[in-house]
Amino acid sequence: FGADDLPDAQELDDLEEPLEAVDADAVQTKLDLAKAYMEMGDTEGARSILDEVLQEGTTQQKDEAKRLAGELS
């Protein structure tokens, strides 16, 4: 394992975008889970997950989490 084996800056940039997409997908899954909790009447569980979305999500996901949280009140 030598210096030639390390990724260069362009390769690192190429890796960054898919990781962001994976993160967005994971947060979307959390939004879906929060909706399921709401349907089951578990407002505390839904609120906890929505708090995570508010910390981790994209602007659109955060807006959706705020809307859903408003329905819990």
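Residues numbered from 1 in each chain as written. Predicted model: local features only at pLDDT ≥ 70, side-chain atom pairs only at ≥ 80, totals over all residues. Heavy atoms only, no water.

Draft legend 1. Representation of the pattern of salt bridges within the structure. Applying the stated criterion across every chain yields a total of five salt bridges. Its salt-bridge partner being Glu-56, residue Lys-30 comes within 2.8 Å of it at the nearest N-O pair. Here Lys-30 is found in helix α1 (residues 9-40), whereas its partner Glu-56 is found in helix α2 (residues 43-56), with 26 residues between them in sequence. Overall, Glu-56 belongs to the partly exposed group, its relative accessible area being 44%. Among the salt bridges present, the one from Arg-67 reaches Glu-71, with a minimum N-O distance of 2.5 Å. You can see Arg-67 and its partner Glu-71 sitting in helix α3 (residues 59-72), four residues apart, about one turn around the helix. When salt bridges with common partners are traced through the structure, they connect Lys-35, Glu-64, Arg-67 and Glu-71 into a single cluster. (Salt bridge = Lys/Arg side-chain N within 4 Å of Asp/Glu carboxyl O. Helix = DSSP H or I, 4+ residues; strand = E, 2+ residues; numbered from the N terminus. Buried < 20%, exposed > 50% of the residue type's maximum accessible area, 1.4 Å probe, protein only.)

Draft legend 2. Fine view of α3. Look at α3: 20 Å from first C-alpha to last across 14 residues, which is about the 20 Å you get at 1.5 Å a residue. When we look at burial in α3, the residues that qualify are Gln-61, Ala-65, Leu-68 and Leu-72. The arc enclosing the buried residues of α3, seen along the axis, measures out at 65°, which places them on a common side. Along α3, exposed side chains directed more than 90 degrees from the buried face belong to Thr-59, Gln-60 and Lys-66. (Expected span 1.5 Å × (residues − 1). Arc of directions from axis to C-beta.)

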